[in-house]
Amino acid sequence: MDRREALKATSLILGYTLTAGTTAAILHGCKAESSSDWTPEILSQQESTLLAEVCESILPATDTPGAKDALCHRYIDNYFSRLRSEDDQKEFKDGLKIFDEKSKAKYSKAFLALNSNEREEILKALSEDAQNHVKEDHGGKPHIFRTIKELTVAGYCTSEIGAKNLLKYDPVPGPYQGCIDYASVGGVWALY
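Within each chain, residue numbers correspond to sequence positions counted from 1 in written order. Predicted model: local features are reported for residues with pLDDT of at least 70 only, side-chain atom pairs are reported and counted for 80 or more only, and whole-chain, interface and lining totals are derived from all residues. To get the side-chain values, all heavy atoms of the structure are used, and hydrogens and water are removed first.

Engineer: Would you mind going over the overall build of the protein with me for this structure?
Structural biologist: Secondary structure elements are defined from DSSP: runs of H or I of at least 4 residues count as helices, runs of E of at least 2 residues count as strands, and each element is numbered from the N terminus. For the protein, the count of helices and strands is 10 helices and zero strands. In sequence order, the secondary structure elements of the protein are arranged as α-α-α-α-α-α-α-α-α-α. Here's how the labels work: a residue is buried when its accessible area is under 20% of the maximum for its type, exposed when over 50%, partly exposed in between, all with a 1.4 Å probe on protein chains only. Out of the 192 residues in the protein, the part that is buried amounts to 39%. Contacts were defined at the residue level, with two residues in contact if any of their heavy atoms lie within 4.5 Å. The long-range share in the protein, meaning contacts at least 24 apart out of those at least 6 apart in sequence, stands at 66%.

This is the structure we're talking about:
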């Protein structure tokens, strides 16, 4: 199973376990701002660059575009600026520091200075931390890695790039049919 297939399987699994925040983002129609003069709403430029690289490490470009191409970091910034409280925004920004902390502890350099294999090792360690985080009581607060991973997948799947490259997409769909056999549609369709 390649990474793209794993993402598809993860998306289907996450479809059943998305946090309320991610579900709210999808339902409220969060979109990434695509203008060339975009500036982050809640993140600093440095935090935005770090988040873009974390998203790209989660969903790298292969034969299809990656998370940076789909502007997932902008989607996440939009999500936090529109749908989350100032306390949640501050907590998210503080949580981003863990990527550099883990990177410096293991490789003595910041996350942005790591090569792709080193970044993958850091994400693997954070994924394990997120698994342990679920088992511990943190007042219902998800681990930062889980939050970013969910929002990256949600941002990708709701982007035009994700709709056209990952999901089935029809810009002019036919009539609404509320109850049809899944086998007859042949896959997950885009909401774009």
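What follows picks up the thread again.
Engineer: Even after reading the chapter, I still don't get the nonpolar core, so can you show me in this structure?
Structural biologist: In summary, soluble globular proteins display a tendency toward joint burial of nonpolar side chains. Counting residues in hydrophobic clusters, the biggest one holds 34 residues, and the most contacted among them are Ile76, Phe92, Phe99 and Ile148. Elements represented by at least two residues in this core include exactly α3 (45-58), α4 (72-83), α7 (116-135) and α8 (144-157). Tallying contributions element by element places α8 first for this core, with eight residues. Nonpolar cores are built from buried Ala, Val, Leu, Ile, Met, Phe, Trp, Tyr and Cys residues. Side-chain atoms within 4.5 Å join them into one set.

Engineer: Got a minute to help me understand the packing of aromatic side chains in this structure?
Structural biologist: Aromatic ring pairs: the centre-centre distance and the angle between the two ring planes describe each pair. Stacked, tilted and edge-to-face are the three classes assigned to paired rings of Phe, Tyr and Trp, where Trp is represented by its six-membered ring and a pair needs centres within 6.5 Å; plane angles under 30 degrees give stacked, over 60 edge-to-face, the rest tilted. Here the structure, examined in full by the defined rule, presents three aromatic pairs. Judged by centre distance (4.9 Å) and plane angle (80°), the ring pair of Tyr79 and Phe80 falls under edge-to-face. Tyr79 gets classed as buried once you look at its relative accessible area, which sits at 4%. A relative accessible area of 5% means that Phe80 is categorised as buried. Aromatic side chains Phe99 and Phe111 sit 5.8 Å apart centroid to centroid with 70° between the ring planes, which places their arrangement in the edge-to-face category. Here Phe99 is found in helix α6 (residues 97-107), whereas its partner Phe111 is found in the loop between α6 and α7, with 12 residues between them in sequence.

Engineer: Looking at this model, I keep getting lost on the pattern of salt bridges. Mind explaining?
Structural biologist: Where charged atoms from two side chains of opposite charge approach closely, those side chains can pair. Here, a salt bridge means any side-chain nitrogen of Lys or Arg that lies within 4 Å of a carboxyl oxygen of Asp or Glu. Counted by the stated rule, this structure contains 13 salt bridges. For the salt bridge of Asp94 with Lys97, the shortest nitrogen-to-oxygen distance reads 3.5 Å. For Lys97, a relative accessible area of 47% corresponds to the partly exposed category. Arg146 serves as the salt-bridge partner of Glu150, at 3.0 Å between the closest nitrogen and oxygen. Here Glu150 and its partner Arg146 are both found in helix α8, four residues apart, which amounts to about one turn of the helix. A residue is classified by how much of its surface remains accessible, and Glu150, at 2% relative accessible area, is buried. Looking at Arg146, the relative accessible area reads 27%, which means it is partly exposed. One network of salt bridges, with partners in common, ties together Arg84, Asp88, Glu91 and Lys141.

Engineer: Honestly, α3 in this entry has me stumped. Any pointers?
Structural biologist: The α-helix winds at 3.6 residues per turn, so residues separated by three or four positions along the chain end up facing the same way. In this analysis, the expected span of each helix is defined as 1.5 Å times one less than the number of residues it contains. Over its 14 residues, α3 runs 20 Å from end to end, which matches the ideal 20 Å to within 8%, given 1.5 Å per residue. When you tally the buried positions in α3, you get 11 out of 14 residues, the bulk of the element. When we look at burial in α3, the residues that qualify are Glu47, Ser48, Leu50, Leu51, Ala52, Glu53, Val54, Cys55, Glu56, Ser57 and Ile58.

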